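# Examination of the molecular architecture
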Amino acid sequence: MDLGLLYSGGKDSTLAALFLDDFYDVTLVTGHFGVTDDWRHARETADRIGFEFDRLELDRAVAEEAATTIREDGFPRNGIQQVHVHALERLAADGYDAIADGTRRDDRVPTVSRAQAQSLEDRHDVDYVAPLSGFGRAAVDRLVESTLEVTVGPSEEIRRADYEAELRAIIADEEGTEAIEDLFPAHEQTYVTDVRQPHSGI
């Protein structure tokens, strides 16, 4: 069965890909709005770890709306959630038998509720899979440490292909880089550079 996994090049979505690889024909799919070419970072990692890769063009208007939400809220959570829901909808309509993401049990954002997952499945005749949904952060970190080569650093410095990077670019273009510091709390991001060892399941 063909599965499209929303992919940023970070540790969570990469670990999700390794979990799913024994059961599906996995394509790593990076959603982008055409704001930056950061999707190339995800393609580099996908190539390095041996997965098919595709880009998913998202609606720029959704990114603009999410950026407005972030400015109005004063924090990024709801804007990022808007974008993730949109990306899942687009991916679900893209012809895969199943779709997936790297959301964990204790993620604050993005999240997918049972009702949202069921609605996606019913409307698009697709299976939604969240292989890390039973794992907390500590468990994920232990698996990552033994399985992946990862670069970790401040969000603004790490090469990545997630929604936040393009939302930051939109806001910075409209209001300057100072607004980014006010709206996005300092946090670390990850970028996977390789798999430590061949895997046959984790």
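Please refer to the structure higher up on the page.
The sections below set out a description of the structure shown in this document. Per chain, residues are indexed from 1 in the order of the written sequence. The model is predicted, so local features are restricted to residues of pLDDT at least 70 and side-chain atom pairs to those at 80 or more, both for listing and for counting; the totals for chains, interfaces and linings are taken over all residues. Hydrogens and water are ignored here; the side-chain numbers use all heavy atoms of the structure.

Let us look at the overall build of the protein chain. Along its length, the protein chain carries 8 helices and 7 strands. Atoms considered for the radius of gyration are the C-alpha atoms alone. The globule rule reads 2.2 Å times the number of residues to the power 0.38. The C-alpha radius of gyration computed for the protein chain amounts to 16 Å, which stays within 12% of the reference 17 Å derived for 202 residues, consistent with globular compactness. Overall, the C-alpha framework of the protein chain stretches about 45 × 40 × 30 Å when taken along its three principal axes. The rule is simple: take the accessible area with a 1.4 Å probe, protein chains only, and divide by the maximum for that residue type; under 20% is buried, over 50% is exposed, in between is partly exposed. The burial tally for the protein chain puts 50% of its 202 residues in the buried class. Contacts are assigned to residue pairs with any non-hydrogen atoms lying within 4.5 Å of each other. Taking all contacts inside the protein chain whose residues are at least 6 apart in sequence as the whole, residues at least 24 apart take part in 78%. A total accessible area of about 9,900 Å² is found for the protein chain, and carbon and sulfur atoms account for 43% of it. Positive residues here are Lys and Arg, negative ones are Asp and Glu, while His and the chain termini are left out of the count. In plain terms, the charge of a residue is placed at NZ if it is Lys, CZ if Arg, CG if Asp and CD if Glu. Put simply, the protein chain has 20 plus and 43 minus side-chain charges, and the middle of one group is 4 Å from the middle of the other. The secondary structure listing takes helices from DSSP runs of H or I that are at least 4 residues long and strands from runs of E that are at least 2 residues long, numbered from the N terminus. For the area figures, the Shrake-Rupley method with a 1.4 Å probe applies, and any residue is considered shielded solely by the protein chains shown.

Let us look at the nonpolar core. Take the buried Ala, Val, Leu, Ile, Met, Phe, Trp, Tyr and Cys residues and link them wherever side-chain atoms come within 4.5 Å; each set so joined is a nonpolar core. Ranked by size, the top nonpolar core spans 31 residues in total, and within it Leu91, Ile99, Leu167 and Ile171 carry the most contacts. Beyond its immediate sequence surroundings of up to four residues, Ile99 is in contact with Leu3, Gly4, Leu88, Leu91, Ala92, Leu120, Val126, Asp127, Tyr128 and Val129. In terms of nonpolar packing, the next biggest core, distinct from the first, is built from 27 residues, Leu18, Ile49, Val129 and Val195 among them.

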